[in-house]
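# Structural features, examined
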Amino acid sequence: MANLKIIRERIKSIQNIQKVTKAMKMVAAAKLRRSQERMEQARPYEERLSGVILSLLPDVERNLLPLLDVREVNRVAYVVVTSDRGFAGAFNANVIRRTEEEIRVLGKEKVDIFCIGRKGRDYFKKRSYTIIEEQIEFWNDLSFEHAIKFGNSIISHFTNGVVDEVRVVYNWFKNVANQELRVERLLPLVYDEEKVALVDRLYEPSKEQLVRSLIPRHLNVEMWKYLLESFASEQAARMVAMDNATENAGELIRDLKLKFNKARQASITKEVLEIVSGAEALANA
Amino acid sequence: MSSIRLEIVTPTKVLDEGEVTYVRCPGLDGLFGVMTGHIDGLFALDLGEIKVTKEKKDYYFATSGGFAEVTSDRIQLLLETIERSSEIEVKRAEASLNRAQERLASMDEIDIARVKASLTRATVRLKVANR
């Protein structure tokens, strides 16, 4: 009988877990839909701004602009985009592992880290990496202002000459089932020298000044894109992880129910046997 | 009157304003207007007011700045923020205007440039909202 009770309790607790994972899955699905919409809304701006900038850049003296300045790489900044919460499969682990691999190549002392999201912050802080800035607990009210803030502090870190290159590690949203881990170079800005589309037009103020104010905006938008991609990926990863968890819980419950019924039948059989043999013993006496 | 297509693109939304006859933008060196037949160009925009004339009616927007790309068949505004005059919350703008003025008056603010920026921003929004 004790066995039966234990199994019953386990079934109950797993059912509770299943309820939680199911709810988390639903929440993630709702958030995913919203973040996907946002991504779609941001795309036209990003594309057009890039278009404008790429048509201008080849025309501008490279060394005039600090953000285009390609230097010998002595120190690198990594922008590590993770989530604040776990339960999203390998979402954060992938980013962290990849970042560590990259850092190992360069040497820990040559790397500054910008942590976006609590998971990455906790990990790198514990291992005493150089963290320049951390931003946590903002994902729920993510807005373009965040991108501007990150963008500006990253830009000044680069233009002050502290680092010679800025790279971003984040999850790129491929589709709901797949997120691709990407490492991209944010600074210095690179472009294809071949693709010069010279257009005859009026520039107001000068081309150089235009580029100078375009580039920070372009970087803000890139930053915004990274945040949106990562947020959508996080939700997708969580949704899939929680879907699997719900399914696994279902399987466990099925197995336990089978066990429970077997145990129940066994105990009934045992009781019947005891009664029958008891009755027989009495009859024989 | 001949018209030109106007598109306003921001990081959070795209406004397709359709065919308009006139757009007035806050350039860095002052206001400038665009009508059909304008020369192709790329212009930096300051924060300020954008006026759009469509079917003989005027519409006003507040922006925090960006770029205008003018080609023969369309005007494209790439802006970081855009607010229609009807969308602006007057109370909030007034509150931030007062706050900025107080700070400027007390002069203990370290970041004067920031306060001034917030002052102009609030002024622009109020001006647009009251159109």
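Residues numbered from 1 in each chain as written. Chains lettered and ligands numbered in written order. Predicted model: local features only at pLDDT ≥ 70, side-chain atom pairs only at ≥ 80, totals over all residues.

Counting 87 residues, the largest nonpolar core has Val 79, Val 80 and Val 81 of chain A together with Phe 67 of chain B as the members making the most contacts within it. A total of 18 residues in this core trace back to one element, the largest contributor, which is helix 5 (residues 207-284) of chain A. If sequence neighbours within four positions are ignored, Val 80 of chain A has contacts with Val 95, Thr 99, Ile 113, Phe 114, Cys 115, Ile 116, Gly 120 and Val 169 of chain A. (Core = buried A, V, L, I, M, F, W, Y, C linked by C-beta atoms within 7 Å. Buried ≥ 20, exposed ≤ 12 C-beta atoms within 10 Å, placed from the backbone. Helix = DSSP H or I, 4+ residues; strand = E, 2+ residues; numbered from the N terminus. Contact = placed C-beta atoms within 7 Å.)

Attention shifts here to the domain arrangement of chain B. Residue and element names in this part refer to chain B. Its domain assignment divides chain B into domain 1 (4-85) and domain 2 (88-129). The distance between the C-alpha centroids of domain 1 and domain 2 comes to 24 Å. Taken together, the contact between domain 1 and domain 2 spans nine residues of the former and eight residues of the latter. In terms of residues, the side of domain 1 that touches domain 2 owes the most to one element, strand 7 (residues 57-63), which gives three residues. Taken together, the residues of the side of domain 1 that touches domain 2 break down into four nonpolar, three polar and two charged. (Domains from an automatic or database assignment. Nonpolar A, V, L, I, M, F, W, Y, C, P; charged D, E, K, R; others polar.)

Time to look at the sheet that holds strand 2 (residues 111-116) of chain A. Pairing between the strands of a sheet comes from backbone hydrogen bonds, and it takes one of two forms, parallel or antiparallel. All names here are of chain A. The strand order across the open sheet built from five strands is 3-2-1-4-5, with neighbouring strands paired in mixed fashion. Edge strands, defined here as strands with exactly one partner in the open sheet, are strand 3 (130-135) and strand 5 (179-187). Across the sheet, the mean angle from the axis of one strand to that of its neighbour is 20°, orientation sign disregarded. Bridging between strand 4 (residues 165-173) and strand 5 involves eight bridges; their strand directions are antiparallel. Residue pairing for strand 5: Phe 173 is matched across the bridge by Gln 179. The strands touched by helix 3 (residues 118-126) within the sheet are strand 1 (76-81), strand 2 and strand 3, with strand 2 carrying the most contacts at an inclination of about 145°. (Pairing = 2+ DSSP bridges. Axes fitted to C-alpha atoms, helices over the stretch in contact; angles between N-to-C directions.)

Now for the pairing of strand 1 of chain A. Residue and element names in this part refer to chain A. Across the six residues that make up strand 1, a large majority, six, are buried. Burial along strand 1 is two-sided: Val 76, Tyr 78 and Val 80 and Ala 77, Val 79 and Val 81, pointing in opposite directions, are all buried. Of the pairings in the sheet, the one linking strand 1 to strand 2 comprises six bridges and is parallel in character. When the sheet's bridge partners are listed, Val 80 is paired in strand 2 with Cys 115. In this region the chain leaves strand 1, passes through helix 2 (residues 91-106) and returns to the parallel neighbour strand 2; the handedness of that crossover is right-handed. For strand 1 and strand 4, the ladder comprises five bridges, and the chain directions are parallel. From the neighbouring strand, Tyr 78 faces strand 4, where its bridge partner is Arg 167. (Right-handed = clockwise from strand over helix to strand, strands pointing away.)

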